[in-house]
Amino acid sequence: MPKYAMRGLVILVVLVMASMAAAGLPGKSVKEPGTAANRGATLRRTALSDNTSPFHSQRVKNAPADRGANASQAASQPRLMQWAESDRPLQVVRREDASVYIDSRVGVIAIHPPLGQTHLSKGQAGEAPSETTLRFLESRSNLLGLTQPRRQLSLENTRSDASGMTHLRLRQRIGGTPVWGRELTVHLDSSGNLVSINGLVEPAAPETAESPAIEPDKAIAVAEKWLADQALTPEWTPNEAAAFGLEYATATSWYWQSAPRQPLSLIWIVEIRPNFRDWWRLFIDASDGRILDRYNATNFDGPATASALNLAGETVTLNTYQTGGQYYLIDASRAMFEAGQTAQELTSDPKGVVWTLDLRDQDANNESTIYHFTSTDNTWSDPVAVSAHDYTGRVYQFYRGLGDNARDSYDDQGASMLTLVHVAQNGQPMDNAFWNGSVVALGDGQSAFSPLAGSLDVIAHEYTHAVVQHT
């Protein structure tokens, strides 16, 4: 390689690291993958058969190597935690019966098998997946702080995938009243063994529900007044809405928090449709009728934004994509996005996007299955995915904003930036991160690290490998 080219690559890497330092973001060293297969593998994908099915990785073949800032903005950016410090907010507690991932600002975010094990609990013959799960949670009530999981959790849905795994969604409840945004996703293998649990619950929740001080009709009246204040005059009657199978206005009782670890409030969630298009959702305090939050829940196909908590417990803005009633962790807001793609193309092999995918604690090999992150309401409860998606988008913008040296993605040709999280190695959370020529893979950490998705400089480091490869 000519000397000037080598100097250019060195300067490029220094620029990335200097930018991270200027933003007050600490580094942490990452071991490079030790095998040639890791360094030179290309993960190939096949198209999804529908919007919710996983897509399978084909055999991993060896391939030849080929939510600007000024000083005040940089100073105001939150500082990522140093995993090695004793006061780190995120830690992994290694127990004999489980590996527990805890964020002190949010709570328990994941439960994985203990070191050397493949599951948390063995399923019994003929036992329903929900019973396997509840039996485990009852015997380990101190893990999540749920003293009576059969009363505090309700089964929302059960789904099986093409690999034979079963996935349950459990909603936290207080005396039968659901808690907004507090749910667990449970994964069982094809033999019915409990493999892992992720999500958030509120351990300090009361055991019995209170009664609302205002009636649901009053909450709906509050919502109607807000619509009038916004000049959103109803364009149809309740009967006309019913002709389309829709309800003009409903009020449902929930518990809600303004942020994790904040007091729970009993609220009415009012859903009101002033017209055929808009579907407003208002969060109204059940004690005094104040509007605590609101948003339009109509699913418009195309780019969307969401607010979610990352691994640092910070609320960040995510760029997502909605199609077919589902939201995906696909960021089509960047300059590299290719317009005119079909829904099938966007959910199987999108062009010019930032794309975050889930390996669900599997090793990356020819038997692994890769999954979309999806949501029906554009809420995201996996802080690992949130961090990876946000930081990958930031890396794109960093390279895009290098002035005369600006790049359109790592190859300067608008290649999609695929980040794969929850990657395992030998059946355990991978204590590493790597670029394999096609994808950045991030482990959840085991002994040396906590989830590597929580570090912007790690993700920037791996994508800089991609930049070097294509320079």
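Data block above holds the structure.
Summary of the structure given here. (Residues numbered from 1 in each chain as written. Predicted model: local features only at pLDDT ≥ 70, side-chain atom pairs only at ≥ 80, totals over all residues. Heavy atoms only, no water.)

**Points about the packing of aromatic side chains**
Cut-off, in case you're wondering: Any pair of Phe, Tyr and Trp rings, taking the six-membered ring for Trp, is counted once the centres come within 6.5 Å. Such a pair is stacked with planes under 30 degrees apart, edge-to-face with planes over 60 apart, and tilted for the rest. Put simply, DSSP marks the helices as runs of H or I at least four residues long and the strands as runs of E at least two long, and each gets a number from the N terminus on. Relative accessible area decides the class of each residue, using a 1.4 Å probe on protein chains only: under 20% of the type maximum gives buried, over 50% gives exposed, and in between gives partly exposed. Charge-over-ring contacts are defined here by two conditions on Lys NZ or Arg CZ: a distance within 6 Å of the ring centre and an angle within 35 degrees of the ring normal.
In the structure shown here, the tally under the stated rule is twelve aromatic pairs. A ring pair is formed by Trp180 and Trp254, whose centres lie 5.1 Å apart and whose planes are at 75°; its orientation type is edge-to-face. Of the two residues, Trp180 sits in strand β9 (residues 177-188) while Trp254 sits in strand β11 (residues 249-256), which places them 74 residues apart along the sequence. The class for Trp254 is buried, based on a relative accessible area of 13%. Here the aromatic rings of Tyr410 and Trp435 are separated by 5.1 Å at their centres, their planes lie at 65°, and the arrangement is edge-to-face. Within this pair, whereas Tyr410 is found in the loop between α10 (383-400) and β22 (417-425), its partner Trp435 is found in strand β24 (residues 433-435), the two being separated by 25 residues in sequence. Across the pair, exposure class does not vary: Tyr410 and Trp435 are buried alike. Taken together, the ring pairs connect Trp180, Trp254, Trp256, Phe283 and Tyr295 into an aromatic cluster. Sitting above the plane of the Trp279 ring, Arg273 keeps its charged end 4.5 Å from the centroid. Sitting above the plane of the Trp279 ring, Arg281 keeps its charged end 5.3 Å from the centroid.

**Here we look at the pattern of salt bridges**
Close approach of charged atoms lets side chains of opposite charge pair. Worth spelling out the cut-off: Counted as salt bridges are all cases of a side-chain nitrogen of Lys or Arg within 4 Å of a carboxyl oxygen of Asp or Glu.
The final tally for this structure, using the stated rule, is 18 salt bridges. Across the pair Arg171 and Glu183 runs a salt bridge, and its minimum N-O distance is 3.5 Å. Taken as a pair, Arg171 in strand β8 (residues 166-174) and Glu183 in strand β9 lie far apart in primary sequence, twelve residues in all. Classification of Arg171 as buried rests on a relative accessible area of 15%. Exposure remark for Glu183: the relative accessible area of 14% places this residue in the buried category. Residues Arg281 and Glu271 are paired through a salt bridge, measuring 2.8 Å at the closest nitrogen-oxygen approach. Taken together, the positions of Arg281 in strand β13 (residues 280-285) and Glu271 in strand β12 (residues 265-272) put the pair ten residues apart, joining distant regions of the chain. Given a relative accessible area of 8%, Arg281 falls into the buried group. Connected through salt bridges with shared partners, the residues Arg95, Asp97 and Arg140 form a single ionic network.

**A short note on helix α4 (residues 129-139)**
To keep things clear, this is the line we draw: Two residues form a contact once any of their heavy atoms are found within 4.5 Å.
When we look at burial in α4, the residues that qualify are Thr132, Thr133, Leu134, Phe136 and Leu137. In this structure, the buried side of α4 is in contact with α5 (141-144), α6 (149-152), β7 (153-160), β8, β9 and β10 (194-199).

**Quick word on the environment of Asp217**
The topology assignment puts Asp217 in helix α7 (residues 216-229). Once the C-alpha coordinates of Asp217 and Ala249 are considered, the two residues, 32 residues apart in sequence, prove to be 9.6 Å apart.

**Observations regarding unusual backbone geometry**
Most peptide bonds are trans, and most residues other than glycine sit at a negative phi. Look at Ala231: it is not a glycine, yet its phi comes out positive at around 60°. Along the chain, the position of Ala231 falls in the loop between α7 and α8 (238-242). Positive phi, close to 70°, is recorded for Ser409, a residue that is not glycine. By the element assignment, Ser409 lies in the loop between α10 and β22.

**Things to note about the pairing of strand β19 (residues 354-363)**
Keep this limit in mind: A pair of strands is treated as paired once DSSP finds two or more bridges between them.
Within β19, eight of the ten residues are buried, which leaves the element mostly enclosed by the surrounding structure. For strand β18 (residues 330-331) and β19, the ladder comprises two bridges, and the chain directions are antiparallel. Pairing of Asp331 across the sheet is with Val354, part of β19. Here β19 pairs with β22 via seven bridges, running parallel.

**Considerations on the sheet that holds strand β21 (residues 374-375)**
Quick note on the threshold: Under this scheme, a helix contributes an axis fitted over its contacting stretch, all axes are lines through C-alpha atoms, and angles between N-to-C directions fall in the 0 to 180 degree range.
Pairing within the open sheet is antiparallel, and its four strands lie in the order β15-β16-β17-β21. Each of the sheet's edge strands pairs with one partner strand only, and the pair in question is β15 (302-309) and β21. In the packing of α10 onto the sheet, contacts are made with β15 and β16 (315-323), and the angle to β16 comes to roughly 90°.

**Describing the nonpolar core**
Formally: What makes a nonpolar core is a set of buried Ala, Val, Leu, Ile, Met, Phe, Trp, Tyr and Cys residues whose side-chain atoms join them at distances within 4.5 Å.
Trp380, Val395, Tyr410, Leu442 and Tyr463 are the most contacted members of the largest nonpolar core, which totals 47 residues. Looking at this core, the elements that each hand over two or more residues are β6 (107-112), β15, β16, α10, β22, β24, β25 (440-443) and α11 (456-469).

**Considerations on the environment of Ala125**
Tracing the backbone through its elements, the reader meets Ala125 in the loop between β6 and α4. Between the C-alpha atom of Ala125 and that of Ser191, which follows or precedes it by 66 residues, the distance is 9.3 Å.

**A short note on the pairing of β13**
Burial of β13 is extensive: six of the six residues sit out of reach of the surface. Residues Trp280, Leu282 and Ile284 point to one face of β13 and Arg281, Phe283 and Asp285 to the other, with burial holding for every one of them. With six bridges joining them, β12 and β13 adopt antiparallel strand pairing. Paired with Glu271 across the strands is Arg281, a residue of β13. Counting the residues in the hairpin turn of β13 and strand β14 (residues 291-296) gives five residues, including Gly289, whose phi is positive at 80°.

**Let's talk about the environment of Gly176**
Topologically, Gly176 is positioned in the loop between β8 and β9. Judged by its relative accessible area of 44%, Gly176 falls in the partly exposed class. C-alpha of Gly176 to C-alpha of Ser253: the two residues are 77 residues apart in sequence and 9.9 Å apart in space.

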